[in-house]
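Report on the structure
What follows is each chain in one-letter form.
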Amino acid sequence: MMNLGDKIYVAGHRGLVGSAIVRVLKAKGFTNLVYRSSKELDLRSQEQVAAFFEQEKPKYVFLAAAKVGGIVANNTYRADFLYDNLMIVSNIVHAAYNNQVTKLLFLGSSCIYPKMAPQPIKEEYLLTGPLEYTNEPYAIAKIAGIKLCESFRDQYGANYISVMPTNLYGINDNYHPENSHVLPALIRRFHEAKTNGLDKVTIWGTGNPKREFLFADDLAEACLFLMNTYNEKEIVNIGCGEDISIKELAAAVKEVTGFDGELAFDTTRPDGTPRKLLDVSRIHALGWHHTTTLQKGLEIAYQDFLTKQELPSLA
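I will try to describe carefully the structure that is included in this document.

**Concerning the packing of aromatic side chains**
Applying the stated rule across the entire model yields twelve aromatic pairs. For the pair tyrosine 9 and phenylalanine 52, a centre-to-centre distance of 4.7 Å together with 55° between the ring planes defines the contact as tilted. With a gap of 43 residues between them, tyrosine 9 in strand β1 (residues 8-11) and phenylalanine 52 in helix α2 (residues 46-56) connect regions that are remote in the sequence. The exposure class assigned to tyrosine 9 is buried, which follows from its relative accessible area of 1%. Among the residues examined, phenylalanine 52 registers a relative accessible area of 4% and is labelled buried.

**Overview of the pattern of salt bridges**
This structure, assessed with the given rule, holds 17 salt bridges. As a salt-bridge pair, glutamate 56 and lysine 7 come within 2.9 Å of each other at their nearest N and O atoms. In this pair, glutamate 56 is assigned in helix α2 and lysine 7 in the segment before β1, connecting sequence segments 49 residues apart. Residue lysine 122 is joined to aspartate 279 by a salt bridge in which the shortest nitrogen-to-oxygen separation is 3.0 Å. Pair noted here: lysine 122 is in the loop between β4 (103-107) and α5 (136-156) and aspartate 279 is in the loop between β13 (275-276) and α9 (281-286), with a separation of 157 residues, a long-range link. What makes aspartate 279 buried here is its relative accessible area of 10%. Each of Lys7, Arg36 and Glu56 takes part in a single network of salt bridges with overlapping partners.

**Focus: the pairing of strand β3 (residues 60-63)**
Covered by surrounding structure in β3 are Tyr60 and Phe62 together with Val61 and Leu63, the residues of both alternating faces. Looking at chain direction, β1 and β3 are connected through four bridges and run parallel. Each residue of the ladder has a partner; that of valine 10, found in β3, is phenylalanine 62. Bridge count between β3 and β4: four bridges; the pairing is parallel. By the bridge assignment, valine 61 is partnered in β4 with leucine 104.

Conventions adopted
Residues numbered from 1 in each chain as written. Predicted model: local features only at pLDDT ≥ 70, side-chain atom pairs only at ≥ 80, totals over all residues. Heavy atoms only, no water. Phe/Tyr/Trp six-rings, centres within 6.5 Å; stacked < 30°, edge-to-face > 60°. Helix = DSSP H or I, 4+ residues; strand = E, 2+ residues; numbered from the N terminus. Buried < 20%, exposed > 50% of the residue type's maximum accessible area, 1.4 Å probe, protein only. Salt bridge = Lys/Arg side-chain N within 4 Å of Asp/Glu carboxyl O. Pairing = 2+ DSSP bridges.

What follows is the structure, given as structure tokens:
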């Protein structure tokens, strides 16, 4: 169990996941948090990471730092996504071991699972089939992180655990027109359609594929729960255990943003994987369940979007 005064390092504290972890830790009374921006500390540099750990000596580490993006970014910057994420996890895990970190939690991604994995996706499906090509470099880096944590546990007895979150959204999300994920992209498109007086928003594909979405602060709660209670080698899925079609999601975002036009679907565009739902029976059995409904989460996310300044134009 972490004590309120223990030094905790949150890597990636400005991102969607890292900032949620910081919010949850502060809300629960943790007072000794340490983090650095990417300008202050380049996590791809072994020398800089080693010096940081030697100076700060954190007791616990939440490894939420990563180079992330949507399908276009993943497929366009394949070398960057593989190299940067490999370096980040390698440097932090190695430095954590060298500086006697008590426990480390590594955040993976549901994209680590085979493209055609049976649904819902169980943790044991890892490495049982080919990955989705478009985000293969990112997935391979995350799989390497999982195996790195496992190997430090096997060889040195390090208490490093890995968790696999489903699709996330919430405060501090990325709303970039080209590099964002589907839900923040929809929030932006519907908002700008409303602002510009458009009468229709067109969604790629049929709208039939189903996806699972978890509010980032719920993930943060799960990470804190597991940091305090879980000490096993096996990875743990984190999700809500429910999915929704892209058509239903678009309708929900339309309602939250107040867009009163029509929804159209461009069926000449590909649908992608028909379904992607995590099996969350393991974390449910441990005693954790999500608490934020999609409706409530979307309302919070949209209000956060409205506070963003100087968003890149879609034009």
